[in-house]
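# Architecture and fold: a report
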2 protein chains.
Amino acid sequence: MKNENDLIKMNLEGVRMEFPSQKPIILLKEETGNRFLPIWIGAFEAYAIALELAHYKTPRPMTHDLIIDILNSLNVKVDYVCISDIIDNTFYAILTLVRDKQQKINIDIRPSDAIAIAVRSKCPVFASVEVIENAGLTITTIDEEVEKFRDFLDHTNPDDFGIK
Amino acid sequence: MKNENDLIKMNLEGVRMEFPSQKPIILLKEETGNRFLPIWIGAFEAYAIALELAHYKTPRPMTHDLIIDILNSLNVKVDYVCISDIIDNTFYAILTLVRDKQQKINIDIRPSDAIAIAVRSKCPVFASVEVIENAGLTITTIDEEVEKFRDFLDHTNPDDFGIK
């Protein structure tokens, strides 16, 4: 795990479909800076994130809801998730759990699962300085881009991800 | 939770695509009887089950692999999963975990997630007597049907589920 001093707090700006690839993408933004981190993810995980952002409650627990249910049943808390590395264009992340209010447990995780868990547990999302320096993008027309993402979220529905 | 005496041990015969609906289906069979339980599931969960049955290791942990990693990290064992109820044509299941070799914890789960976890943890799969009596099917040409499922599994690949 990275030194916690080297972590940058990120906010999730949204999840959207990228054209023409039609692959879903999540966009994280530095909380106190203007660098963005775009991460391509799978359709199912995008759907899991979008459902929660839309406050949509499915009749039965979806897979990421189940993870939260398991952790709650075991009295284990999600401390934070962190986009820790980028190797050969693949982002790596870490899920940090806390048991008995003190014992920290780090688990290797994909960024998509990390964000799907973060939006459900309301835990903070970090990225390592190294990841932001290597893969962070400064978008000059930030307001416009963010507006596009918000607009997408407002108008998205599960069908957009090809899964019903 | 059902009385454990009312549980029937089931074996997973396979996961296949049903035509013309093109919806994935899992087929469970009584270990000591000839009743089958067909359960329609989502494409992503079918993919997660099929990957494990094919012993395919993805480069990064998929969502159900993550669940196993979380449980292992917390020294929690999967005791068994059980298809416990059928209400309004929806199957309900229970995931039973064991902590500290004695404390049992029951968690509400969809059958698809239950089977995806069962194939990874090698835990037993049960169904309640009530579910088998209400939704079990006796297939007279069992050998032929099972052969079809085995053949499907032998020739399946991730593309069959529309997810790459």
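Being a predicted model, the structure only gives us computed values, none of them experimental.

Parameters at a glance
- Each chain carries its own residue numbering, running from 1 in the written order of its sequence.
- The lettering of chains begins at A and the numbering of ligands begins at 1, in the order of writing.
- Local features in this predicted model are restricted to residues whose pLDDT is 70 or higher, and side-chain atom pairs enter the listing and the counts only when it is 80 or higher, whereas totals over whole chains, interfaces and linings include all residues.
- We superpose the copies by least squares over the C-alpha atoms of residues that have a pLDDT of at least 70 in both of them.
- What counts as a contact here is a pair of residues whose C-beta atoms, placed from the backbone, lie within 7 Å.
- Segments assigned H or I by DSSP are reported as helices when at least four residues long, segments assigned E as strands when at least two residues long, and all are numbered from the N terminus.
- Two strands qualify as a pair provided DSSP detects at least 2 bridges between them.
- Note on geometry: axes are lines fitted to C-alpha atoms, helical ones only across the stretch in contact, with angles between N-to-C directions running from 0 to 180 degrees.
- Around each residue's C-beta, the other C-beta atoms within 10 Å are counted; 20 or more make the residue buried, 12 or fewer make it exposed, and counts in between make it partly exposed. All C-beta atoms are placed from the backbone.

## Details of the relation of the copies chain A and chain B
Put simply, the second copy of the chain is the first one after a rotation about an axis and a shift along it. Once turned by 180° and shifted 0.0 Å along the axis, chain A lies on chain B with an RMSD of 0.0 Å. The transformation just described matches what one would write down for a two-fold rotation axis. Taken as a fraction of all interface residues of chain A, those also at the interface in chain B reach 100%, which identifies the copy contact as same-surface.

## What to know about the interface of chain A and chain B
Listed as interface residues are 20 residues of chain A and, on the opposing side, 20 residues of chain B. Elements with a minimum of two residues in the side of chain A that touches chain B: α1 (43–53), α2 (63–73) and β6 (103–109) of chain A. With 6 residues, the top contributor of residues to the side of chain A that touches chain B is α2(A).

## So, the sheet that holds strand β2 (residues 23–30) of chain B
By definition, the strands of a sheet pair up through backbone hydrogen bonds, in either a parallel or an antiparallel sense. Residue and element names in this part refer to chain B. Spatially, the 8 strands line up as an open sheet ordered β6-β5-β4-β7-β1-β2-β3-β8, and their pairing is mixed. Only two strands of the sheet have a single neighbouring strand rather than two, namely β6 (103–109) and β8 (137–138). Where strand β3 (residues 35–40) meets β8, 2 bridges bridge the pair, whose relative direction is antiparallel. Pairing of Phe36 across the sheet is with Leu137, part of β8. Packed on one face of the sheet, helix α3 (residues 111–121) meets β1 (7–18), β2, β3, β4 (76–87), β5 (90–99), β6 and β7 (125–128) and runs near 150° to β4.

## Quick word on the sheet that holds strand β8 (residues 137–138) of chain A
Residue and element names in this part refer to chain A. In space, the 8 strands of this open sheet follow the order β6-β5-β4-β7-β1-β2-β3-β8, with mixed pairing throughout. Bordering the open sheet on either side are β6 and β8, each of which pairs with just one other strand. Where helix α3 (residues 111–121) meets the sheet, it contacts β1 (7–18), β2 (23–30), β3 (35–40), β4 (76–87), β5 (90–99), β6 and β7 (125–128), and its direction lies at approximately 150° from that of β4.

## Some details on unusual backbone geometry
Not every positive phi belongs to a glycine, and A:Lys101 is a case in point at roughly 60°. Checked against the element boundaries, A:Lys101 lands in the loop between β5 and β6.

## Quick word on helix α2 (residues 63–73) of chain B
Every buried residue of α2(B) is listed here: B:Thr63, B:His64, B:Asp65, B:Leu66, B:Ile67, B:Ile70 and B:Leu71. Against α2, β6 and α3 of chain A together with α1 (43–53), β4 and α3 of chain B lie the buried residues of α2(B). B:Asn75 lies just past α2(B) and shows a positive phi near 55°.

Any functional reading would require information beyond the geometric quantities listed.
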